[in-house]
There are 2 protein chains.
Amino acid sequence: MPVTSTPSDAIKCAEYLFLRLYELGIRSIFGVPGDYNLRLLDFVEPAGLHWVGNCNELNAAYAADGYSRINGISALITTFGVGELSAANGVAGAYAEKAPIVHIVGTPARSLQDRRVLMHHTFATGDYRQFAAVHEQITAAQVNLVDPQTAPDKIDWVLQEALFHQLPVYIEVPDDMADALVSTDNLKRKPVLTLPHVPEAQHEDSVVKSVLGRIHSAKRPAILLDGETRGLQILDLVEKLSKQTMWPTWTTIFGKGLIDESMPNVYGIFQGKYAPESWNEYFQTADLILHSGPHLSDTNSFSFSAVPRENVTIAISQHTVRVDGVIFRDLPLRRFLTKILLGLQPSKLGAQGPPHHPSPTLYLDKSLPLTQKHFYHYINPIFHQGDIILAETGTAAHGCRQFKLPPKSRLFTAVTWLSIGYMVPAALGAALAQREILGGSGNRKDGSSGQERVVLFVGDGSLQMSVQEISTMIKEGLNITCIILNNDGYTIERAIHGRKQRYNDIASWNHAHILPLLGQQSSAMESFLQARTWGELEAIIGSAKFISGKGVRIIEVFFDQEDCEGSLREMLNEQIRNGK
Amino acid sequence: MPVTSTPSDAIKCAEYLFLRLYELGIRSIFGVPGDYNLRLLDFVEPAGLHWVGNCNELNAAYAADGYSRINGISALITTFGVGELSAANGVAGAYAEKAPIVHIVGTPARSLQDRRVLMHHTFATGDYRQFAAVHEQITAAQVNLVDPQTAPDKIDWVLQEALFHQLPVYIEVPDDMADALVSTDNLKRKPVLTLPHVPEAQHEDSVVKSVLGRIHSAKRPAILLDGETRGLQILDLVEKLSKQTMWPTWTTIFGKGLIDESMPNVYGIFQGKYAPESWNEYFQTADLILHSGPHLSDTNSFSFSAVPRENVTIAISQHTVRVDGVIFRDLPLRRFLTKILLGLQPSKLGAQGPPHHPSPTLYLDKSLPLTQKHFYHYINPIFHQGDIILAETGTAAHGCRQFKLPPKSRLFTAVTWLSIGYMVPAALGAALAQREILGGSGNRKDGSSGQERVVLFVGDGSLQMSVQEISTMIKEGLNITCIILNNDGYTIERAIHGRKQRYNDIASWNHAHILPLLGQQSSAMESFLQARTWGELEAIIGSAKFISGKGVRIIEVFFDQEDCEGSLREMLNEQIRNGK
């Protein structure tokens, strides 16, 4: 671990903070420089951390979110007022979908704040607390490092909160605190951020016994793996449970990509009322559903139609285990699940799941235009083991639910926050984390293993929100295949309401100029291709050099403005029936 | 005025809201569609309002701010959670610099909120009040239209607050409230938003008398016109005062462009410790300074060196008149200033101001590279009467202080909020307002008078924050000359701290591709030119066709990475002296 000063009795506050971030596995920090964070930024690279300068703070927050979902935690540095508020929506998205981000804000020097000097980046009222009040609404914990005596404990506490709750936290660092000396005492405690051991609760073994009883007596059981499982650090145990029981296992949208879909008992996403009838019948008549990491938003549960009935559910959440509607608390989950796994009696397990839903065999006329209905099956073969696939809110998010993912791949898509503009920067963040993990920490900066691949699906409307962040992908030398779904505007909104309304139109762009504008040196032919028909798409998919090439490559695919499927199609048809 | 339903006894809530906005002079609304505002958006264009779909919500808020500064007030529509939080920094900037924006947020239907349904665009906790809590920090007043009985009064009240305080306000419109019927009673009161008459305070005439006494006895008087004067609706009276007294008149940065600089007694910006010695000597020994609309941030007052001494100052603010340090309240400013003007005795006025600071005569070798020192004088002749000139935070904001503005032109630059990324969308908003005002309300949508001109100066770093909004300029057919100052990164930050630090670098872009990407149809030659030397710049300036052409035109001018002047140069030199 690189150390920028000898940890004897004293260390600079910024060094302490960045050492702690390094210990947590953070290797890159996202953000934008600003007047009140420059002195803090001086300490980033000496701490062995890579500074990713983003184009703006919202994009930086989105990128930090993407990095966090792969790396487990991330960090973001902005400047007081202007920077931190620009980042707010990105931080809030990480809150909604449980991705810990350490949001560090460089604030004016303590002497300025104490004297209420009317500095820039404030409302010139002398009030320095308003932006922290904003962050109270969108982060799990907040600290303001105003004194070297308390700074180390505050830092340790707030990082622990981020990890424990899997939520963003907020740290204010006054300009003059960056190089204030703090004690190194806390650094001697290692690993720094382990939580104290919790003695067994009195009811622990009886809950384990009762759950095992339910498991062993179940005739039509299932597992529903939801997205909060990742943050609970129990993914491996839930996968083991699925393997050992061989019970039919579905995921939610949020859970997709968190379990190996090549396992014979893994079915993909359970789409509630949109699921194949045999799946829905099984699910609705199940006598036990093990629901791991529930995240019950309308969008993640197909308007609540994929929520298991309470009286047949064992739901495992951060602070509770709910058995048939009865809530038990204070059961550390790893210990609890380990006991369940140890107690499994193979002879009492067994289930006959419904038939798998076969991928359609596609015979598509090469001269016909692309359609949403078949596009996702058609493009699916380009994915490799270990890929990170991202599908932005919009038609892409609906389509990606059909993907059959290779082992060890991951998928990000619209879950609950659904902020369009998120996915481009999130792809940057995820790709950086992937490269660091594959390249190892030793050769982090240029540590491309050549294996990492990120594939991004983004609509033309969403792209306009945050397009500039593609330049950071280029600057970082990342390998990202970016598939732009061009359907001439906000098709998802047209489906929901205002099918023919002008407010769902967007400006028409010529995407061939994206990479040349944003600094890519390669020729257009090497980095930008378009497909309107199945034949054109086939030619692109067939070019391994393009699909798996280096740098950023863009494939623009065209769809009809009203081409959509599933619930979107239902809403659109409803409008057509009503003469809209 | 277009009316979408007969105002008899009832009108739809959204119609009521948009009628009120129309009455206030709003003709365009900025924003982005989203799931919870679509039904509201259905009512925008039927109300005679032009919908400007922006690329993202932060840009929409910036554009609304720019529109407000020209039009007096503006409106912004976003969607719950994701949209409104993305806009937060833009709304906060309007708060910091007193530009009223009516921020309207489409929220989930009341039935969903009341039942705490875990909808998307929330944290899926059932709490629907967190984003309103954020906006309490950055708006002057907030209302939530949850009942048709109270909606009209709430709307009227919050709009009055926006106008009175010249600050942004926040209106939540649940999805199902857009077409709820409300009473038309309030519409019969016209003009709707006049405040009740305030009877004269007992002390009013004695304050007038005392101020007139100070005015008539002053030997070395001056006027300092600051930016909050605009929102106080007293600009005409302060200009009249300057004309009648012929006192030396300076502005602050915020006040620049608010008074006719061709008046012989108007000197331009008083730059405090950076002002010419004779100006500073006059200012510091003045026995009376009439300070209108003070806005006392560090950046607007040259680190407080341009703040007049309290004991010789009559400061006119929204709620107070301060005479030599004694504060008087409850003096409606227009009535107060009118009395002052009526009481002026010409024989007792008079002042001998310091000499004007002549613009330098420039003899620049055509082969030499451009420099910040001379660039702003050199480009100054391109400005015409009525132009709106915008200079983004950074070296551009420092340089633009030297501009000599033609009559009726306006200037926006860095005042207090200093959020880079602001100026590109602000130019869009200002240009739209300018076109509407010049074109008249009758032919608003295509009402280009051919006269309107906007000239934007933006650095390469700031540009990356919000570049996509140039596509909205193109979509709207606006005539904007966009001058990109390319100095290869954040030069202003390099000057402040971290001269050689990598965190002040940015990705390298090829700006020739901006307009082709963003939808402009014209050839590159017609819309994009570059200058590295004075000769190249001269050729561009000489092309009236280019400078005053139609559509968006970009001029890219190059400067050395460390080329800066004034306080920036001082800070940079300090770093060089310290071996940084």
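Residues numbered from 1 in each chain as written. Chains lettered and ligands numbered in written order. Predicted model: local features only at pLDDT ≥ 70, side-chain atom pairs only at ≥ 80, totals over all residues. Heavy atoms only, no water.

Per an unreviewed UniProt entry, chain A is named Pyruvate decarboxylase, and its organism is Bionectria ochroleuca. One UniProt comment on chain A, placed under Sequence similarities (unreviewed entry), says "Belongs to the TPP enzyme family." Under the heading Cofactor (unreviewed entry), UniProt records this for chain A: "thiamine diphosphate". (UniProt positions renumbered as here; feature names shortened; annotations may be inferred.)

> An account of the UniProt feature "domain: Thiamine pyrophosphate enzyme central" (unreviewed entry) in chain A is requested, with residue identities and associated values reported.
When the UniProt feature table is mapped onto this chain, "domain: Thiamine pyrophosphate enzyme central" (unreviewed entry) is found at residues 209-333 of chain A. Helix makes up 23% of residues 209-333 of chain A and strand 23%. Its end C-alpha atoms lie 15 Å apart. (Helix = DSSP H or I, 4+ residues; strand = E, 2+ residues; numbered from the N terminus.)

> Tell me about the relation of the copies chain B and chain A, and please be specific about residues and values.
Mapping chain B onto chain A is achieved by rotating through 180 degrees and translating by 0.0 Å along the same axis, at an RMSD of 0.0 Å. Such a turn and shift between the copies fits a two-fold axis. Using C-alpha coordinates, one finds that chain B approaches the rotation axis most closely at B:V134, a distance of 2.5 Å. A shared interface surface links the copies, since 100% of the contact residues of chain B are contact residues in chain A too. (Least-squares fit on C-alpha atoms with pLDDT ≥ 70 in both. Contact = heavy atoms within 4.5 Å.)

> Tell me about the packing of helix α9 (residues 204-217) of chain A against helix α12 (residues 333-343) of chain A, residues and numbers included.
Residues and elements named next belong to chain A. The geometry of α9 relative to α12 is characterised by a closest axis approach of 10 Å and an angle of 45 degrees between their N-to-C directions. Judged by the angle between their axes, α9 and α12 are oblique. Crossing angle aside, the handedness with which α9 passes α12 is right-handed. For the pair formed by α9 and α12, the contact residues are E204, D205, V207, V208, V211, L212, I215 and H216 on the first element and R335, F336, K339, I340 and G343 on the second. Within the contact of α9 with α12, the residues separate by chemical class into 7 nonpolar, 2 polar and 4 charged. (Axes fitted to C-alpha atoms, helices over the stretch in contact; angles between N-to-C directions. Parallel < 35°, antiparallel > 145°, perpendicular 65-115°, else oblique. Left-handed = near helix turned anticlockwise from the far one by under 90°. Nonpolar A, V, L, I, M, F, W, Y, C, P; charged D, E, K, R; others polar.)

> So what's going on with the interface of chain B and chain A? Which residues, and what values?
Counting residues at the interface gives 75 residues for chain B, matched by 75 residues for chain A. The three residues of chain B that bury the most area against chain A are B:F123, B:Y503 and B:L517, which together make up 11% of that side's buried surface. The interface formed by chain B and chain A holds 2 salt bridges in total. Across the pair B:E45 and A:R502 runs a salt bridge whose closest N-O atoms are separated by 2.9 Å. Seen at the junction of chain B and chain A, the total is 38 residue pairs in polar contact (both at pLDDT 80 or more). If one sorts the elements of the side of chain B that touches chain A by residue count, helix α5 (residues 88-96) of chain B sits on top with 5 residues. (Buried area = accessible area lost by both parts, 1.4 Å probe. Salt bridge = Lys/Arg side-chain N within 4 Å of Asp/Glu carboxyl O. Polar contact = N/O pair within 3.5 Å; in protein donor to acceptor, adjacent residues only side chain to side chain.)

> Describe the UniProt feature "domain: Thiamine pyrophosphate enzyme N-terminal TPP-binding" (unreviewed entry) in chain A, and please don't skip the residues or the numbers.
When the UniProt feature table is mapped onto this chain numbering, "domain: Thiamine pyrophosphate enzyme N-terminal TPP-binding" (unreviewed entry) sits at residues 12-119 of chain A. For residues 12-119 of chain A, helix accounts for 45% and strand for 20%, while the C-alpha atoms at its two ends are 26 Å apart.

> Could you give me a rundown of unusual backbone geometry, with the residues and numbers involved?
Residues and elements named next belong to chain B. Of note, D330 is a non-glycine position whose phi angle comes to about 60 degrees, a positive value. Counting through the fold element by element, D330 comes out in the loop between β15 (326-329) and α12 (333-343). In this structure, K408 takes a positive phi of about 65 degrees despite not being glycine. Judged by its relative accessible area of 69%, K408 falls in the exposed class. (Buried < 20%, exposed > 50% of the residue type's maximum accessible area, 1.4 Å probe, protein only.)

> Would you mind going over empty space enclosed by the protein in detail, with residue names and values included?
Residues and elements named next belong to chain A. Applying the stated criterion across every chain, the model contains 19 cavities of 30 Å³ or more. Lining the largest cavity are 17 residues, with T393, G394, G459, S462 and I492 sitting closest to its centre. Every element with two or more residues in the lining of the largest cavity is listed here: α14 (395-399), α16 (460-466) and α18 (491-496). Its residues assigned to classes, the lining of the largest cavity shows 5 nonpolar, 9 polar and 3 charged. (1 Å grid on protein atoms, 1.4 Å probe; cavity = no way out; pocket = protein on both sides within 12 Å on 5 of 7 lines; lining within 4 Å. Points joined across faces, edges and corners; volume = space filled by probe spheres on them.)

> Could you give an account of the domain arrangement of chain A, with specific residues and numbers?
Residue and element names in this part refer to chain A. What the domain assignment reports for chain A is domain 1 (10-188), domain 2 (204-348) and domain 3 (372-577). Centre-to-centre separation of domain 1 and domain 3, based on C-alpha positions: 30 Å. Each partner contributes residues to the interface: domain 1 has 26 residues there, and domain 3 has 31 residues. Carbon and sulfur atoms make up 57% of the area that domain 1 and domain 3 hide from each other, which totals about 2,300 Å². Three residues, Y62, I70 and E97, lead the burial of domain 1 against domain 3; their summed loss comes to 27% of the area buried on that side. Counting the contacts that link domain 1 with domain 3 gives 0 salt bridges. Where domain 1 meets domain 3, there are 15 residue pairs in polar contact (both at pLDDT 80 or more). Looking at the side of domain 1 that touches domain 3 element by element, the count peaks at 9 residues for helix α3 (residues 57-71). When its residues are assigned to classes, the side of domain 1 that touches domain 3 shows 11 nonpolar, 11 polar and 4 charged. (Domains from an automatic or database assignment.)

> Which residues make up the packing of helix α3 (residues 57-71) of chain B against helix α15 (residues 423-439) of chain B, and what are the values?
Residues and elements named next belong to chain B. In contact at an axis separation of 6 Å, α3 and α15 are set at 40 degrees when each is read in the N-to-C sense. As judged from the angle between their axes, α3 and α15 are oblique. The element α3 and its partner α15 pack so that their crossing is right-handed. Contacts from N59, Y62, A63, G66, Y67, I70 and N71 in α3 reach P425, A426, L428, G429, A430, L432, A433, Q434, E436 and I437 in α15. Considering only residue class, the contact of α3 with α15 consists of 11 nonpolar, 5 polar and 1 charged.

> Give a description of the sheet that holds strand β9 (residues 221-225) of chain A that names residues and reports values.
All names here are of chain A. Strand order across the open sheet formed by 7 strands is β11-β10-β9-β12-β13-β14-β15, with mixed pairing between neighbours. Of all the strands in the sheet, just β11 (266-269) and β15 (326-329) have a single pairing partner and so form its edges. When the angles between neighbouring strand axes are averaged without regard to direction, this sheet yields 15 degrees. Relative to strand β10 (residues 249-251), β9 is paired through 3 bridges, and the arrangement is parallel. When the sheet's bridge partners are listed, L224 is paired in β10 with W250. Sheet strands touched by helix α10 (residues 235-245): β9, β10, β11 and β12 (288-292). Its angle to β9, the strand with the most contacts, is close to 155 degrees. (Pairing = 2+ DSSP bridges.)

> Quick rundown of the packing of aromatic side chains? Include the residues and the values.
Throughout the structure, instances matching the rule amount to 50 aromatic pairs over all chains. Ring geometry for A:F383 versus A:F457: centroids 6.2 Å apart, planes at 80 degrees, classification edge-to-face. You can see A:F383 sitting in the loop between α13 (372-379) and β16 (388-391) and its partner A:F457 sitting in strand β18 (residues 454-459), a full 74 residues away along the chain. One exposure class covers both A:F383 and A:F457, and it is buried. Seen from their ring centres, B:Y378 and B:W534 are 5.0 Å apart, and the 50 degrees between their planes marks the pair as tilted. Of this pair, B:Y378 sits in helix α13 (residues 372-379) while B:W534 is found in helix α21 (residues 534-541), placing the two residues 156 residues apart along the sequence. (Phe/Tyr/Trp six-rings, centres within 6.5 Å; stacked < 30°, edge-to-face > 60°.)

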